[in-house]
Amino acid sequence: MALWGGRFSEGPSAALAALSRSVEFDWRLAPYDIEVNLTHLDSLLATGVITAGNGEVIRAGLKALQVEISNGTFTYNEEDEDVHSAIERGLISKIGTIGSSIRAGRSRNDLVVTDFKLYLIDHILSVANEVVKLIAQINLKSQELSKTIAPGFTHLQHAQPILFGHELAKHSQSLLRDVDRIADWLERNSKSPFGAGALAGSALQPTPEKSAEVLGFLGVLENSIDAVSDRDFVAEALFIFAMIGVHLSRIGEEFTLWSSTEFNWVRVSDAYSTGSSIMPQKKNPDVAELARGKSGRLVGNLVSLLTTLKGLPFAYNRDLQEDKEPLFDSVETLLTILPALTGMVATAEFNEMEISKGASAGHSLATEIADYLAKKGVPFATGHEVAGACVKYAESNKKELSELTAAELNSIDQNLGADLIPLLNPSGAIASRTSIMGTSEESLLDQIAHASQRANEAQAWISNAQNSFSGMMRL
Ligand code: ARG
């Protein structure tokens, strides 16, 4: 059903209808559209545009549609242009043309952005929830592996020994920042655009603050033209989703590498692996690879929306219909990949022996020698030179630094005493890094405890926010 046509002498061409039609994807907004319409009905009753009697009929019609939408008995048809026209058609078919009274005093321009914002608030909180679940699993694994010594890498080359739990726990930090970004997004974007009408505000909706409150918003936007054209909240959400995607891709990359035969650091459980159609022996870490691969579309969706928004003049333009598919895609991609990745992490078995094996290889203790000399007051450049000489000596004698004797060290430089020996092993090097962010076990355990506390706090505010925006039913 079209919501316009009075001034047209012929109907839309099939080509225009096909181009214009958004109902296949914007049907996801149906539950929110009903909520906004119910709220709008209250405004029209308050201003006397709709009589109490008609109001009851319309309310009953909307409520009946709400149930039918949620159980799938009412849906769009071939002729519906978008979710708003489908719902108005449904209402009119239930209660007659009086159903169209609900259209007074609002425009699809403020309706669509309000529906969309409510959808996004609801779903960004679901994403936050899934991110918190992943953080909880990472924290658990970090704790389990908080004694496992591992080689730490820079440039994918052995750098310095670390605890493997420290390596894992870094992912909780980046994901906690993503959750913080969502909290910050919610605070800035909980303003209602409803009541902006087509662009100028609505004479029949004098108190949009009231609708905003009923819908769970924390206030209203201050400029009606901005309200119908602002999609910053979508772009910001797409950035957050892209950032989460980038973080997941880095986790994916590490698990893919660690599960290779060459590394053999982790065994991904069967439930989160796939086989090959031709090579019977294969077990592939597809969850990790898809986490890595899907970040591409998450980044693409952000770029797509920013490109759509660039240079748009004045208030609503039909280009803005293009805001929806990228967002739906990012939300649905994350809500699919996050539970899979969480399951993969939770069930992964780490091969601690193999992980620890290379911790002192690659002369990764050279920094300990330079640090030891620095503590003795030797200028760092000199210490660095001496440490380099030790590496050279060890290499030409086919030894690791940890295998050098006190006499050998002393012959390289007289400042190198026997007290260096206990530091020249991975445990000593790790234990010496006791600062708040360091890799010593005690620092790591504090770090994990703090990350867990932050995750619990996040869980609490997410539930709170979900409750204040409740009333929305999901399709
Ligand atoms: N389907 C449209 C969208 O998603 C709804 C708003 C249409 N407004 C209009 N003036 N044609 O943006």
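Remember, predicted model here, so these are calculated numbers, not experimental data.

(A) View of the overall build of the protein chain. Assigned secondary structure in the protein chain consists of 19 helices and 6 strands. The C-alpha atoms of the protein chain give a radius of gyration of 30 Å, which is well past the 23 Å a tight globule of 475 residues would have. Counting all 475 residues of the protein chain, 49% fall into the buried class. Contacts spanning at least 24 positions in sequence make up 79% of the contacts within the protein chain whose residues lie at least 6 apart. Within the structure as shown, the protein chain displays about 21900 Å² of accessible surface, and the carbon and sulfur contribution to it stands at 55%. Averaged over its 40 positive side-chain charges, the protein chain has a centre that lies 1 Å from the centre of its 59 negative ones.

(B) Examining the layout of surface pockets more closely. Counted as a void, the largest pocket has a volume near 420 Å³. Forming the boundary of the largest pocket are 18 residues, of which Glu 167, Lys 170, His 171, Arg 250 and Glu 254 lie nearest the centre. Only strand S1 (149–154), helix H7 (164–189) and helix H10 (232–258) provide two or more residues apiece to the lining of the largest pocket. Among the residues making up the lining of the largest pocket, the classes are represented as 6 nonpolar, 6 polar and 6 charged.

(C) Highlighting empty space enclosed by the protein. Applying the stated criterion to the full structure yields 1 cavity of 30 Å³ or more. Taken as a whole, the largest cavity encloses approximately 40 Å³ of empty space. Along the walls of the largest cavity sit Ile 138, Lys 141, Leu 168, His 171, Ile 251, Phe 255 and Val 345, which together make up its complete lining. Class assignment for the residues of the lining of the largest cavity results in 5 nonpolar, 1 polar and 1 charged.

(D) Here's a closer look at the pattern of salt bridges. In the structure shown here, the tally under the stated rule is 29 salt bridges. Linking Lys 141 and Glu 144 is a salt bridge whose minimum nitrogen-to-oxygen distance equals 3.6 Å. In this pair, Lys 141 and Glu 144 both sit in helix H6 (residues 108–144), 3 residues apart, roughly one turn of the helix. Using a relative accessible area of 53% as the deciding quantity, one classes Glu 144 as exposed. Counted as one network, the salt bridges with shared partners bring together Glu 81, Asp 82, Arg 108 and Arg 318.

(E) Fine view of the site of the ligand. With respect to spatial proximity, the complete set of residues near the ligand consists of Ser 22, Asp 82, His 84, Arg 108, Asn 109, Val 112, Tyr 316, Gln 321 and Lys 324. For the ligand, a nitrogen atom lies 3.1 Å from a polar atom in the side chain of Asn 109. In this structure, Gln 321 approaches the ligand through a side-chain N or O atom, which is 2.8 Å from a nitrogen atom. The element contributing the most residues to the shell around the ligand is H6, with 3 residues. Of the residues belonging to the shell around the ligand, the class tally is 2 nonpolar, 4 polar and 3 charged.

(F) Main features of the pairing of strand S2 (residues 157–163). Summarising the sheet, S1 and S2 pair through 6 bridges and their orientation is antiparallel. Within S2, the residue paired with Thr 154 across the bridge is Gln 157. Taken together, S1 and the strand that follows it, S2, pair antiparallel across an intervening segment of 2 residues, in which His 155 is found at a positive phi of about 55°.

(G) Focus on the packing of H10 against helix H13 (residues 324–347). Where H10 meets H13, the closest approach of the two axes is 10 Å, and the angle between their N-to-C directions is 30°. The angle between H10 and H13 places the two elements in the roughly parallel class. The hand of the H10/H13 crossing is left-handed. Here Val 234, Ala 237, Leu 238, Phe 241, Ile 244, Leu 248, Ile 251 and Phe 255 of H10 lie close against H13, whose contacting residues are Pro 326, Leu 327, Ser 330, Val 331, Leu 334, Ile 337, Leu 338, Leu 341, Met 344 and Val 345. The class makeup of the residues in the contact of H10 with H13 is 17 nonpolar, 1 polar and no charged.

(H) Quick look at the environment of Ala 431. Note that Ala 431 resides in helix H18 (residues 426–431). Residue classification places Ala 431 among the partly exposed residues on the basis of a relative accessible area of 48%. The spatial distance from the C-alpha of Ala 431 to the C-alpha of Glu 442 is 8.6 Å, given a sequence separation of 11 residues.

(I) How the structure looks around the packing of aromatic side chains. Applying the stated rule across the entire model yields 16 aromatic pairs. Ring centres of Tyr 32 and Tyr 119 lie 6.0 Å apart, and the angle between their planes is 85°; on these two criteria the pair is classed as edge-to-face. Note that Tyr 32 is positioned in helix H3 (residues 30–46) and Tyr 119 in helix H6, a separation of 87 residues in sequence. Residue classification places Tyr 32 among the buried positions, given a relative accessible area of 1%.

Calculation rules
- Residues numbered from 1 in each chain as written.
- Predicted model: local features only at pLDDT ≥ 70, side-chain atom pairs only at ≥ 80, totals over all residues.
- Heavy atoms only, no water.
- Helix = DSSP H or I, 4+ residues; strand = E, 2+ residues; numbered from the N terminus.
- Rg over C-alpha atoms; globule rule 2.2 N^0.38 Å.
- Buried < 20%, exposed > 50% of the residue type's maximum accessible area, 1.4 Å probe, protein only.
- Contact = heavy atoms within 4.5 Å.
- Areas by Shrake-Rupley, 256 points an atom, 1.4 Å probe, with all protein chains shown as cover.
- Lys, Arg positive; Asp, Glu negative; His and termini not counted.
- Charge placed at Lys NZ, Arg CZ, Asp CG, Glu CD.
- 1 Å grid on protein atoms, 1.4 Å probe; cavity = no way out; pocket = protein on both sides within 12 Å on 5 of 7 lines; lining within 4 Å.
- Points joined across faces, edges and corners; volume = space filled by probe spheres on them.
- Nonpolar A, V, L, I, M, F, W, Y, C, P; charged D, E, K, R; others polar.
- Salt bridge = Lys/Arg side-chain N within 4 Å of Asp/Glu carboxyl O.
- Near = heavy atom within 4 Å.
- Polar contact = N/O pair within 3.5 Å; in protein donor to acceptor, adjacent residues only side chain to side chain.
- Pairing = 2+ DSSP bridges.
- Axes fitted to C-alpha atoms, helices over the stretch in contact; angles between N-to-C directions.
- Parallel < 35°, antiparallel > 145°, perpendicular 65-115°, else oblique.
- Left-handed = near helix turned anticlockwise from the far one by under 90°.
- Phe/Tyr/Trp six-rings, centres within 6.5 Å; stacked < 30°, edge-to-face > 60°.

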